[in-house]
Amino acid sequence: MYLNEDCGAVCVREKGELRYVSADKNDAPQHRLFNRDFSFQLCIDTLPSASHTKRRDHFIFTYNKEGSLRYTVKSLFDISLQFIADHIEHVDSLVGFPEQMADKLFSAAEERHKFTEPQTAPRALQVFCEAYGDLVLKSLCLRNRYLLIPERLEEIRQFQSLECLDLYGCRLGDNHEVFKYITSEALASLVKLFIGANCLSDAGLQRLTAPVRVMMKGLENLQLLDLSENPITEKGLGYLTCFKALQKLDISRTNVTVNVSLKGFFRMKMRMVLSETPLKEFGHSDCNTEGWAEQVINQWEITASEIPKKDSKPRTNALRFYGREKFVREALTSWSGTSATTNKDKVVPVHFYTVDLCDPSSTAEHNTHSSAVAAAHKGKKRRLSEEEQSSTPIAKRQSFSALSAEDLDLLNSY
C-alpha cells in the first residue's frame, strides 16, 4: 500500500502488478515507489563470524506463476541434517542411527565435500563405516589407479567390510603399506582379491600370507585370488596352502611352470585342479565399486587426475624441430601395439579351481591321475635320487608349522 501526502491515494498489488485505486484517476501520483532498476538482497547472516565460516541459509526461494519472488522456511529435519553434515567429523558415533536417515546424511556430507578434503575425510568415513559397514562400501575397484592409492591410503583404510578388492596393475611391489591393511582383521570379510600385475615376488607373497599362517588371522575367508603377471615361482605357491577357503586361483603369466609336479601339488595340498577353459571370474567384469561411497571414489580419481604430471617426453621439441615427430610416434605405436597383441595371443590362462572329491567325475579323474603316477613309478627303486628329490612338490620340502626367522620378522612388523 502507498499513501500520498494527503493520505488519499491507495495502491494495491494484483497478479504481480502495482495498481492505483481511486475514484478519480487524475488523482494518481506521478512518481513511483521504486525505480525500475531497484534490487534488494536478503541478509540472513549478520553475525561477525558469518564471514569466517560456511553458513547455510534456511530458506528456499521460488517464484510463483505471476513471477513474484517468494520464500519458505526449510523443515527442522533438513536444517538439522545440514548442521550435522557440516560437522560430521565431530560426531562420536552413528551406531543405532536409522539407515534411511544415514543415507541422506551421507549424501549431504558428500555435497559439502567432507569426504574429499584431507582434513575431514578420514574421520568422516570412519564414523559411517563403524556404524554401517558394507552399506558404505561393499566392493572397491581400484584397477590401474596407481596414483590414487598413495594419495588416499588413509581414507581407504576406513573401509572395514569389503568383500571384493581389485588392486590389479597398481604397482605395489613387495613392501607397500597397503598390505598391512589387506592382512588386518578389518578385512577378515574379504572374499575376492585381485593383485595381479603388481611386481609381487615370493617375498611379497610370504608377507601377505604371514598373518594367516602364523596367527590364523587376516585373509582366512579368501575364496578367489588373482596373482597373474607377477614374478612369483613355485616356492611362493607353497605359502598359499594356508588359505583353506580358497576356491579359485589365477597364476597366468608368472614364473611358474605348469607340469605334473605342480598339478600334483595343487591336487594333494589344496584340492585344486587346472581348468581347461578360462574362468569368467578373472575377467574383472563382476568387480565394481558398490556402496554409498561409489561417487566418493570417483571424486578422488578426478582430484588425482588434476595433479600435474611430469613430462615424460623431454625430446619432443627436438623431434618437432627436425619434423620427424609424427613418423617416430607412429612407428613406436605400431611396434608396441603389434608386440602387445602378439604376446596376448600367445598367453594361455592358468586357472585352478577347487574340485569336490565326493563328486563321481572328480573321483574318477583323481583315480586316473593316481594310476598314471603309480604306473610311472612302477619298477623303480624306493630310494630317490637327488634329482627326484629336487623335483618333488614344494610342500613336501617345506614345513610351514615351524616359525622361520623371516616369519618372526614379519610378525614383529605387524
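Residues numbered from 1 in each chain as written. Predicted model: local features only at pLDDT ≥ 70, side-chain atom pairs only at ≥ 80, totals over all residues. Heavy atoms only, no water.

**Some words on the overall build of the chain**
(1) Moving on: The helix and strand tally for the chain stands at 16 helices and 11 strands.
(2) Moving on: Within the span of the chain, comprising 414 residues, buried residues form 35% of the whole.
(3) Moving on: At a minimum sequence separation of 6, the contacts of the chain that also span at least 24 residues come to 71%. (Helix = DSSP H or I, 4+ residues; strand = E, 2+ residues; numbered from the N terminus. Buried < 20%, exposed > 50% of the residue type's maximum accessible area, 1.4 Å probe, protein only. Contact = heavy atoms within 4.5 Å.)

**Side note on the side chain of aspartate 202**
(1) Moving on: Inspection of the secondary structure assignment puts aspartate 202 in helix H7 (residues 202–215).
(2) Moving on: No salt bridge is formed by the buried aspartate 202. Its closest oppositely charged neighbour is lysine 235, at 6.1 Å.
(3) Moving on: A polar contact is formed between the side chain of aspartate 202 and the side chain of threonine 233, at a distance of 2.4 Å.
(4) Moving on: The residues touching aspartate 202, leaving out its near neighbours within four places in the chain, are Ile232, Thr233, Lys235, Gly236 and Tyr239. (Lys, Arg positive; Asp, Glu negative; His and termini not counted. Salt bridge = Lys/Arg side-chain N within 4 Å of Asp/Glu carboxyl O. Polar contact = N/O pair within 3.5 Å; in protein donor to acceptor, adjacent residues only side chain to side chain.)

**Overview of the packing of aromatic side chains**
(1) Moving on: A full pass over the atoms with the stated rule returns 8 aromatic pairs.
(2) Moving on: Between phenylalanine 159 and tryptophan 300, the ring centres sit 6.4 Å apart and the planes meet at 40°, which makes this aromatic pair tilted. One end of the pair, phenylalanine 159, is in the loop between helix H5 (153–156) and strand E6 (164–166); the other, tryptophan 300, is in helix H10 (residues 294–305), and 141 residues separate them in sequence.
(3) Moving on: On the basis of relative accessible area, phenylalanine 159 is assigned to the buried category, the value being 1%.
(4) Moving on: Relative accessible area serves as the criterion here: at 1%, tryptophan 300 is assigned to the buried category.
(5) Moving on: One aromatic cluster in this structure is built from Phe106, Phe115, Phe128, Tyr132 and Trp292. (Phe/Tyr/Trp six-rings, centres within 6.5 Å; stacked < 30°, edge-to-face > 60°.)

**Description of the environment of lysine 104**
(1) Moving on: By the element assignment, lysine 104 lies in helix H2 (residues 99–111).
(2) Moving on: Relative accessible area serves as the criterion here: at 52%, lysine 104 is assigned to the exposed category.
(3) Moving on: As a C-alpha pair, lysine 104 and leucine 81 span 23 residues in sequence and 8.2 Å in three-dimensional space.

**Digging into the environment of asparagine 221**
(1) Moving on: Locating asparagine 221 in the fold gives a position in the loop between H7 and strand E8 (224–226).
(2) Moving on: On the accessibility criterion, asparagine 221 (36% relative accessible area) is partly exposed.
(3) Moving on: When neighbours within four sequence positions are excluded, asparagine 221 is seen to be in contact with Ala188, Leu190, Val191 and Ala245.
(4) Moving on: Looking at asparagine 221, its side chain comes within polar contact range of the main-chain oxygen of alanine 188, at 2.8 Å.

**Digging into H7**
Counting along an α-helix, one turn takes 3.6 residues, and residues three or four places apart therefore face a common direction.
(1) Moving on: The first and last C-alpha atoms of H7 sit 20 Å apart over 14 residues, in line with the 20 Å expected at 1.5 Å per residue.
(2) Moving on: In H7, a bend of some 50° at threonine 209 exceeds every other bend along the element, and proline 211, a proline, comes one to four places later.
(3) Moving on: Within H7, 11 of the 14 residues are buried, which leaves it mostly tucked inside the rest of the structure.
(4) Moving on: Those residues of H7 that sit buried are Asp202, Gly204, Leu205, Gln206, Arg207, Leu208, Thr209, Ala210, Pro211, Val212 and Arg213.
(5) Moving on: Directly after H7, the chain includes methionine 216, whose backbone phi takes a positive value near 60°. (Expected span 1.5 Å × (residues − 1). Bend = angle between axes of the 7 residues up to and from the residue.)

**Some words on the sheet that holds strand E9 (residues 248–250)**
Strand pairing in a sheet relies on backbone hydrogen bonds. The paired strands run either parallel or antiparallel.
(1) Moving on: With respect to topology, 7 strands assemble into an open sheet ordered E5-E6-E7-E8-E9-E11-E10, the strand pairing being mixed. Each edge of the open sheet is held by one strand with a lone partner, namely strand E5 (139–141) and strand E10 (272–274). This sheet shows a mean twist of 10° between the axes of neighbouring strands, independent of strand direction.
(2) Moving on: Taken together, the 3 bridges between strand E7 (residues 192–194) and E8 define a ladder with parallel strand orientation. Bridge assignment links lysine 192 to a residue of E8, and that residue is leucine 224.
(3) Moving on: Of the strands in this sheet, E9, E10 and strand E11 (351–354) touch helix H9 (residues 260–270), which is tilted by about 155° from E10. (Pairing = 2+ DSSP bridges. Axes fitted to C-alpha atoms, helices over the stretch in contact; angles between N-to-C directions.)

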